[in-house]
Structure formats: C-alpha cells, structure tokens
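Descriptive structure summary
Each chain, written out:
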Amino acid sequence: MSLQTYQRAQVAMVLDRDVAHRISGGDLGPWQADLTPLERERLVSQATDAGLALSRKLHKGWRLTKLLTLLPITFRVGDPGLLSDLVDAYWRDHLPQGLYFEAEAAGFAAFVAGQVPASTALHDAARLEGALLAVGQRGPSAPSGPIELRLAHDPRRLLSAVGGEALPPPTSDDGYDIAVSAGPSGPRLAVISRA
Amino acid sequence: MSPAPFLGVGLLYQPALDGLLSSDAWPADYLEVIPDTLWHDAGRSATPRFVVDDGTRRLLEDVRSRMPILMHGIGLSIGSADELDPEYVDQFVAWAEWLGCPWTSEHLAYCTSSEDDTGINVGLTLPVALERATEEHVGARVQEMRRRLGRRFLLENNVYYFETTQEELSEPELLNRLCADWDGGVLLDLHNLHVNVRNGVMDAATYLDELDLTRVREIHIAGGAELDGFYVDAHSGAPPQEVWDLLDEVAPRCPNLGGITFELLGSWFDLVGETGTTEVLDRARQSMAVAAPVPS
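Here's a quick rundown of the structure. (Residues numbered from 1 in each chain as written. Chains lettered and ligands numbered in written order. Predicted model: local features only at pLDDT ≥ 70, side-chain atom pairs only at ≥ 80, totals over all residues. Heavy atoms only, no water.)

**Remarks on the overall build of chain A**
Summing up its helical and strand segments, chain A has nine helices and three strands in all. For chain A, buried positions account for 45% of its 195 residues. Put simply, of all contacts in chain A between residues at least 6 apart along the chain, 59% involve residues at least 24 apart. Only carbon and sulfur atoms are counted for the fraction: they give 52% of the accessible area of chain A, which is about 9600 Å². (Helix = DSSP H or I, 4+ residues; strand = E, 2+ residues; numbered from the N terminus. Buried < 20%, exposed > 50% of the residue type's maximum accessible area, 1.4 Å probe, protein only. Contact = heavy atoms within 4.5 Å. Areas by Shrake-Rupley, 256 points an atom, 1.4 Å probe, with all protein chains shown as cover.)

**Digging into the pattern of salt bridges**
Taken as a whole, this structure holds 24 salt bridges over all chains when the rule is applied. Salt-bridge contacts for B:Glu131 lead to A:Arg42; the nearest nitrogen and oxygen are separated by 3.0 Å. Of this pair, B:Glu131 sits in the loop between strand 8 (118-126) and helix 4 (132-149) while A:Arg42 sits in helix 3 (residues 37-47), which puts the two residues in different chains. B:Glu131 gets classed as buried once you look at its relative accessible area, which sits at 16%. (Salt bridge = Lys/Arg side-chain N within 4 Å of Asp/Glu carboxyl O.)

**Structural notes on unusual backbone geometry**
Backbone geometry follows two general trends: most residues other than glycine have a negative phi, and most peptide bonds adopt the trans configuration. Residues and elements named next belong to chain B. A cis amide bond, omega -5°, links Thr47 with the succeeding residue Pro48. Mapped onto the elements of the fold, Pro48 is located in the loop between strand 3 (40-41) and strand 4 (50-51). In this model, Asp183 sits at a positive phi of 70°, which is unusual for a non-glycine residue. Inspection of the secondary structure puts Asp183 in the loop between helix 5 (171-180) and strand 10 (185-189).

**What to know about the packing of helix 2 (residues 54-66) of chain B against helix 3 (residues 86-99) of chain B**
Residue and element names in this part refer to chain B. Running from N to C, helix 2 and helix 3 cross one another at 45°; their axes reach a closest spacing of 10 Å. Taken as axis vectors, helix 2 and helix 3 run oblique relative to one another. In this structure, helix 2 uses Arg57, Leu60, Glu61 and Arg64 to contact helix 3, whose residues at the interface are Trp95, Trp98 and Leu99. Class assignment of the residues belonging to the contact of helix 2 with helix 3 gives a composition of four nonpolar, no polar and three charged. (Axes fitted to C-alpha atoms, helices over the stretch in contact; angles between N-to-C directions. Parallel < 35°, antiparallel > 145°, perpendicular 65-115°, else oblique. Nonpolar A, V, L, I, M, F, W, Y, C, P; charged D, E, K, R; others polar.)

**Some remarks on the interface of chain B and chain A**
Residue-level contacts link 42 residues of chain B with 35 residues of chain A. On the chain B side of the contact with chain A, B:His40, B:Asn121 and B:Phe162 bury the most area, a combined 17% of that side's loss. For the interface between chain B and chain A, the tally reads two salt bridges. Summed over the shared surface of chain B and chain A, the number is 17 residue pairs in polar contact (both at pLDDT 80 or more). Taken together, the elements giving at least two residues each to the side of chain B that touches chain A come down to strand 3, strand 7 (110-115), strand 8 and strand 13 (230-232) of chain B. Per-element accounting of the side of chain B that touches chain A gives the leading share, eight residues, to strand 8 of chain B. For the side of chain B that touches chain A, the class distribution of residues is 18 nonpolar, 15 polar and nine charged. (Buried area = accessible area lost by both parts, 1.4 Å probe. Polar contact = N/O pair within 3.5 Å; in protein donor to acceptor, adjacent residues only side chain to side chain.)

Just geometry here; none of it tells us what the structure is for.
Shown next, in the form of structure tokens:
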C-alpha cells in the first residue's frame, strides 16, 4: 500500500505546514516504513516546493470560503482575529471530509459557542447558525425534532445582519426562547411560549 | 474511435447563470454541469445517500429538453490509492443516463485520501505521478467507467503547482496510453495547459505535439489570476489571449472535437457579464467553425 501511504503523506503536507516542515527535514514519521526510496525523495522535495505552499493556501481558501458562506452571521458579528484563531484551532482537530461543508460549519459553530462567553453576540450567533444548519442536514446526523435555544441577544437583530426575514418577536426580558426546525422551504424559527 | 457528436460551444453551469439560462439570450449550444454541486451527498452511511432538490431536478429536466447536457465530475478521485466509492460511481452512472450525456469527464488527479478510516477531501486536483504504475491503476478505472457508463469517459489534463521528481512519462504520454490501451478520451483544458506554461512546468508546443489530438473530444477554456508568484486556474474571467492562441492552433488539429466549454465561477459572472460571456462563446465558436467536420 505504498501509493496509499504516499498520498496520505502528500495530503497531510497540503493540510498542515508543520507536517511539510518535518518532512522537509527527512522526518517522514509514521509513513516512513511504507514508502519506497523514490516516494520518500519525492515527498521531501515537494515539502519545500513553493507550489505545495500555494496548494495549501488554495485548500484553506476553499475551505474558509465555505465557512464564511454557511456562517455569515457568526463571521459578521465576531472579531476577525479571534475567529481566525478559532478556525485554526478547529481545523487542527478536524479533517476536511467532503465537498459538503454543512456538517463542518455546524461543528465549527458549536466549537465557537463553546469557546466564547455566553454573554457575547458571537456566542448566540454561532448557536443560532449552528441550529439553522443542523436542522437542514440530511442523513443520520440530522436532528429528529426542533432545536430549542435560549439566546441572550435578540435573534431579530442577529438575523437582520444578513437580511433575514423570518423574525420572531421578543419573548421575555431576560432572553429569547426560540425553536429552530426544518420547514418545506428551509429552516424555520418559532417563538417558544413559556405560558 | 467513433466520431464525437458535434455539440458546439457550452457553458459550465453555475446558479448565477439561472437568469440567462431561462432567457432567449442564452448563448450556448449545451450546458456542462458538475453533478457533485447539484446533488447533496449525505455520506456513506446515509439512506438515501444522494438527495436532489425538486428545483434542481426541474431545472435539469427543463434544460435537457432544450439542449445537450455534459457531466464533469469532481468527486470520483480516479487517481486515489483508495478504492473508488461504488455508490458514488452508481450515482454518476445513473445521472449520465438520466441526463442523456453524450460523454462525461473527470480529472487526471486525486482529491481524496483517508486516515484512520476517516475520509479526507482536499478539494484540489492533486497530481498523480506520471508513470507506468499510474497507467495501470487509473487505466483499469477508466475502462470500468467506460463500461459502466456506456458512453465516452474523458480525463482532463491537470495543473501542476508542485513537482513530482523522476517521473517516467510526460502527461501527454500517460493520456495517450490511457486512451490507446484503456479506451479513454481526453478533455483538453487549455487554461490548465496555459497555467503550466506560465508557471514554467511545460512547453505548449511540445505538449500538443506529444498528445494524440484525435482523442480530444472536448476543450475547456477559462481565465485565471496571479497568486504568490504563481498563475492559478481560478476560473475568474474571460480567457487570456494566450488561451485563444492555443485554441486557434489546436482546435483544427482535433478531428473528433465535439465541444468547447467556457468555465467561469459564478462569483465572477457579474464581472464578465452576460455580454462578456456571449462574446467569449462567440469567439470560441469561430475557432470551432474552423475545426468543425465538413458534412459529407
């Protein structure tokens, strides 16, 4: 399975600059034993090739564009520097698994919500967009029913940042209780009555 | 090789084209689609796995009643060392049949790998090593896709942003072998060739002299952009003059050429505009006219 190992190492260099740096010094880590001498030579040479760094940039740009597109409110209300750090941290532990990024964006939204204070607009934006994405998912990871959220920030103001139309009214003085569910033409928001 | 159906000039589908596609001003003879962007793949464990929105299905039904549709895949990862995904292949074959595609295509590349049973997709067409082992590996898959599809299956020449040392073959040599021995065909992406020339990877005249141009069924044209000292295949505008020069030179030398497709990312459509898009296709049609087979 030498070709498989070669491609795994090449992909790892595209995804991670640190891996490329190690390989450029001849450290092929867990792949070393499975590779032919020619494959090792090729990988070491590619590790310092400026074109590999370009490929990494193209890959990250492609992946980041998907997050920006799928989480517009989160990236609108959050501090760019903080979000850049959070993206890097999330990607360190999560590989790009497909051409469809709804699941990754929902996972990143949950990650953001877990990393920032609950009192911030970024926290609520990430939770709200995570829920909107989750109810739109298909397959075994799709939630079976509505997702209920209590937000500290008015969801109407969050959604207005991206021109949202389905705006629930405020529900109480100390928070906003909403349910996010799948509708025939996309996710729906509804106010939860606590009466 | 049987003669290609002569389609003319085409556009790669993007949602930004919806208005133009439904108007009388539609400037192309056919539509090329990337099927992976039109179905939703819920993953290997999902049932149903591939889901198509009603709107997309209606759109494609309408288009196929008006013009030919070609499929240009990005998810097969034909050069990957991992097994091809059989459900993906089934879906690709079923859509080619449903849409009545005259031929289909993919990239001479790989985009997927795996680590600890986790699938990885880098979203790039990473290069396969140009050597005999790759011919055997990819060739068997080309042959199987051709058999399953019951129609021509083309491979597109790749962009090479980094080098693979000590390769045995040139890309034209590998493509020629995949055609001659494994029943493949060629989608000649002239912008990819131009990218490789601009980045100092290859010489265009040598490349075109080596490639068996009788195997070229389709040509892609596109525009690109500078990034970090490289010229990249960004599909970000009208083709540069060098691509037109290549097209004028090579189209008359491709006796089985059936279509020239303009690739433009939807996010750049406003920049090029409806008029600019039409001008690109009209210009491509001029090159195509020189190359068109003379009716007997």
